[in-house]
Amino acid sequence: MDSKEYLIDLCSSIYPKSVHSEVARYSETKLAIHAIVALICKNFICSWYGEKIATKDTELVSNIYQLFDDIIDNARETTVDWEQIILDDLPMLIETHIVIMRKVINEKLCLEDFYQLHLYKHTYPHSLTAVIIQNFDNGSKLQSAFMQDFVGDFLLDKLVEKLAEPFIVVDLIRSICNSIETRKEEKSNTSQTNNWFQKIYHLFANFQIHGNKVTKKEEKFLPSLPITNNFFDHYIFGALSRCLQLESRKPLLFLSLKALQVFSNNVEFINSRFTHIFHSKTSSIVSRKGWMSALWLKMRHLLFPHDNKLGPSKEVPTVEEFEQMKKDASLGLQRVARLINANMILGITDVECDSFIAALTYDKNMNKFMLQRLIDYLVTSLPVVSTSSNTP
């Protein structure tokens, strides 16, 4: 169902014949993305264009195909500042949401209180839609109206609302946890388990002075300018300390982070090595074959479980089934925390895993807002898109 041949046939059954030869040459990742685009075209466009509006003209679908194909190519060629995104911007957004959700749950606040705490002006998805479609404006009122409905009403409203369903979120968490556990198990079966001395040796090996050759694949992920910032001054370290209360719960770890901040300010070698390690690890993860296509395949299964009409991957669970799903997701998080030693290093407890799942299932509209906020940030961070008024 997810083979390259199947995805080519799926796209070819919806796209016009004029693009079939191009589709057949696509990589697995690009095919996985186009499979979703093709199914969106089938549900949102072909359902009326060619049926309710009788025509055999395929230009509209061809233009939509070309539009998304250009977006995919441009996104692939865009240089992304992963250090800024992963270590500063996303931690700030997530920490803000965590702090507000704690207050909402502890004080049993309503949705309007949640919006007020976020200083939300009820502008989604309209303001975000305007930012996106302004880049495709060619003066055509028909195209503008179509893009307004397609992006605003369908993609940023109905589609995001579907993904924000608590049972969908919980199911996704369970899948991610199962995937991590399976990968860890496979890794332990195919390689010898390292003892602590070997782990310490590999840690120090990353700091070796020699052997700092950078591959071409890693080169584009490394900073193009000289390193001037302290690596340990990034927002994520303060956010982790505050959210997990490291100062009181893990004082030794808190002290170590503070010491690293001081040392990296005074010893350039430490700062540059940690920066290099971060970019090297990021490049290996981002360029790892298969993970991106697997992500888009999972998205397609959630949105189009039968590769036909948009619908839930399964029926809405009963109250008892949903409670069991939440329990399974929490247990999965607890097992993953133990697998990566987050319970010992960061002090993450089973109760906090339960609280995390409770926050994700508290209110669908709060999930929807957070997804729209993340989309807002990611879209407006691209150089070709202007800044939105919703992102702090």
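Thresholds applied
- Residues numbered from 1 in each chain as written.
- Predicted model: local features only at pLDDT ≥ 70, side-chain atom pairs only at ≥ 80, totals over all residues.
- Heavy atoms only, no water.
- Helix = DSSP H or I, 4+ residues; strand = E, 2+ residues; numbered from the N terminus.
- Buried < 20%, exposed > 50% of the residue type's maximum accessible area, 1.4 Å probe, protein only.
- Contact = heavy atoms within 4.5 Å.
- Areas by Shrake-Rupley, 256 points an atom, 1.4 Å probe, with all protein chains shown as cover.
- Core = buried A, V, L, I, M, F, W, Y, C linked by side-chain atoms within 4.5 Å.
- Phe/Tyr/Trp six-rings, centres within 6.5 Å; stacked < 30°, edge-to-face > 60°.
- Salt bridge = Lys/Arg side-chain N within 4 Å of Asp/Glu carboxyl O.
- Polar contact = N/O pair within 3.5 Å; in protein donor to acceptor, adjacent residues only side chain to side chain.
- pLDDT = per-residue confidence, 0-100.
- Expected span 1.5 Å × (residues − 1).

### Let's talk about the overall build of the chain
Line of reasoning, step 1. Along its length, the chain carries 20 helices and 0 strands.
Line of reasoning, step 2. When the 392 residues of the chain are sorted by exposure, 37% land in the buried category.
Line of reasoning, step 3. Taking as baseline every contact in the chain between residues at least 6 positions apart, the subset at least 24 positions apart corresponds to 75%.
Line of reasoning, step 4. Entry remark: accessible area of the chain is about 23400 Å², with carbon and sulfur atoms responsible for 60%.

### Some thoughts on the nonpolar core
Line of reasoning, step 1. In terms of nonpolar packing, the biggest core is built from 50 residues, with Tyr-15, Val-23, Leu-31, Phe-114, Phe-150 and Val-151 touching the most fellow members.
Line of reasoning, step 2. For this core, the leading source of residues is helix α3 (residues 28-44), giving 10 residues.
Line of reasoning, step 3. Core analysis: the second largest hydrophobic core is formed by 14 residues, Val-169, Val-170, Phe-322 and Ala-329 among them.

### Considerations on the packing of aromatic side chains
The geometry of an aromatic ring pair is captured by two quantities: the separation of the ring centres and the angle between the planes.
Line of reasoning, step 1. Within the structure shown, the criterion is met by 16 aromatic pairs.
Line of reasoning, step 2. On the basis of an interplanar angle of 65 degrees and a centroid distance of 4.9 Å, the ring pair of Tyr-15 and Tyr-65 is categorised as edge-to-face. Taken as a pair, Tyr-15 in the loop between α1 (4-12) and α2 (20-23) and Tyr-65 in helix α4 (residues 59-77) lie far apart in primary sequence, 50 residues in all. Like Tyr-15, the residue Tyr-65 is buried in the burial classification.

### What about the pattern of salt bridges?
Line of reasoning, step 1. Per the stated rule, a full pass over the model turns up 16 salt bridges.
Line of reasoning, step 2. One salt bridge connects Lys-158 with Asp-153, and the closest N-O pair in it is separated by 3.5 Å.
Line of reasoning, step 3. The class for Lys-158 is partly exposed, based on a relative accessible area of 47%.
Line of reasoning, step 4. In this structure, Lys-368 and Glu-161 form a salt bridge, with 3.4 Å as the shortest nitrogen-oxygen distance. In this pair, Lys-368 is assigned in helix α20 (residues 364-380) and Glu-161 in helix α8 (residues 141-163), connecting sequence segments 207 residues apart.
Line of reasoning, step 5. Residue Glu-161 is classed as partly exposed on the basis of its relative accessible area, which comes to 28%.

### A look at the environment of Arg-249
Line of reasoning, step 1. Structurally, Arg-249 can be placed in helix α13 (residues 246-249).
Line of reasoning, step 2. Arg-249 gets classed as partly exposed once you look at its relative accessible area, which sits at 29%.
Line of reasoning, step 3. Beyond its immediate stretch of four places on either side in the chain, Arg-249 contacts Leu-244, Gly-347, Ile-348, Thr-349 and Glu-352.
Line of reasoning, step 4. Among the polar contacts listed, one links the side chain of Arg-249 to the backbone oxygen of Leu-244, at a separation of 3.4 Å.

### A word on the confidence of the model for the chain
Line of reasoning, step 1. When pLDDT is averaged along the chain, the result is 81; 81% of the residues meet or exceed 70.
Line of reasoning, step 2. Highest mean pLDDT in the chain belongs to helix α6 (residues 111-117) (95); lowest belongs to helix α11 (residues 216-219) (49).
Line of reasoning, step 3. Every residue in residues 209-218 scores below 50 in pLDDT, and together they form 9 contacts with partners more than four places removed in sequence or on other chains.
Line of reasoning, step 4. Contacts of residues 384-392 to residues separated by more than four positions or lying in other chains number 23 contacts, the stretch itself having pLDDT below 50.

### A word on helix α15 (residues 268-286)
Line of reasoning, step 1. The terminal C-alpha atoms of α15, which comprises 19 residues, lie 27 Å apart, in line with the 27 Å expected from a rise of 1.5 Å per residue.
Line of reasoning, step 2. The set of residues buried in α15 consists of Asn-271, Arg-273, Thr-275, His-276, Ile-277, Phe-278, His-279, Ser-280, Thr-282 and Ser-283.

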